[in-house]
Amino acid sequence: MGAISTPDLTDAYPQARAMELQFNNYGAVKAFGGPAVTIKCHEDNSLVKACVGEPGEGRVIVVDGGGSLRRALLGDMLAEEAAKNGWAGLVIHGAIRDVDEIGRTELGVQALGTTPFKTEKLGVGQRDVPVAMGGVTVLPGEFVYADNNGVIVSDKPLID
């Protein structure tokens, strides 16, 4: 995949949809993109844990955590597993933790913020469902691109 610049992509493809959220960039990879795998969960990262254990094949995990900053949906161990398994990155509408370690992990990670608290593991949530955040609905398989400027979504690939 070529270099990712969301401003350049939105200039070239004005039909791209931008999430109206102020994500922070936490991973060592500052610009990433790929087909979306979607997860909807609230303060329970059981599905995130299962997902990062699968082959990522350059995909992006889009997690709708409802914007909660009470519990971290990603920590350093899951981020390391995602990187090892070939995920391009995660976009999390919620919180993460272990940010210093995640900052050294070769993975793209965007989230709303941080908290020191881990989640309960109750197996609650949904995978491969439409997720809505920041005024954008992301469908499984759509293309997500993220950098320091924001997160955009397209129904077709914008970079070869």
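Residues numbered from 1 in each chain as written. Predicted model: local features only at pLDDT ≥ 70, side-chain atom pairs only at ≥ 80, totals over all residues. Heavy atoms only, no water.

In the annotation of an unreviewed UniProt entry, the entry for the chain reads 4-hydroxy-4-methyl-2-oxoglutarate aldolase, and the organism field reads Mangrovimicrobium sediminis. As stated in UniProt under Function (unreviewed entry), the record for the chain gives "Catalyzes the aldol cleavage of 4-hydroxy-4-methyl-2-oxoglutarate (HMG) into 2 molecules of pyruvate. Also contains a secondary oxaloacetate (OAA) decarboxylase activity due to the common pyruvate enolate transition state formed following C-C bond cleavage in the retro-aldol and decarboxylation reactions." The UniProt entry for the chain carries this comment under Sequence similarities (unreviewed entry): "Belongs to the class II aldolase/RraA-like family." (UniProt positions renumbered as here; feature names shortened; annotations may be inferred.)

> Honestly, unusual backbone geometry in this entry has me stumped. Any pointers?
Excluding glycine, residues mostly carry a negative phi; peptide bonds, for their part, are mostly trans. With a phi close to 55°, Glu-43 is a non-glycine residue in the positive phi region. By the element assignment, Glu-43 lies in the loop between strand E3 (32-40) and helix H2 (46-52). You can call Glu-43 buried: its relative accessible area is 18%. Positioned with a positive phi, Glu-57 is a non-glycine residue whose angle comes to about 50°. Mapping Glu-57 onto the fold places it in the loop between H2 and strand E4 (60-64). (Helix = DSSP H or I, 4+ residues; strand = E, 2+ residues; numbered from the N terminus. Buried < 20%, exposed > 50% of the residue type's maximum accessible area, 1.4 Å probe, protein only.)

> Help me out: how do you make sense of the UniProt feature "binding site: substrate" (unreviewed entry) in the chain in this one?
Listed under "binding site: substrate" (unreviewed entry) in the UniProt record, and renumbered for this structure, are Gly-75, Asp-76, Met-77, Leu-78 and Arg-97. Spanning 23 residues, the annotated positions come together in the fold, the maximum distance between their C-alpha atoms being 10.6 Å. Here Asp-76 shows up in helix H3 (residues 76-84). The class for Asp-76 is buried, based on a relative accessible area of 18%. Once residues lying within four places of it in the same chain are set aside, the contact partners of Asp-76 are Arg-97, Asp-98, Glu-101 and Ile-102. Locating Met-77 in the fold gives a position in helix H3. (Contact = heavy atoms within 4.5 Å.)

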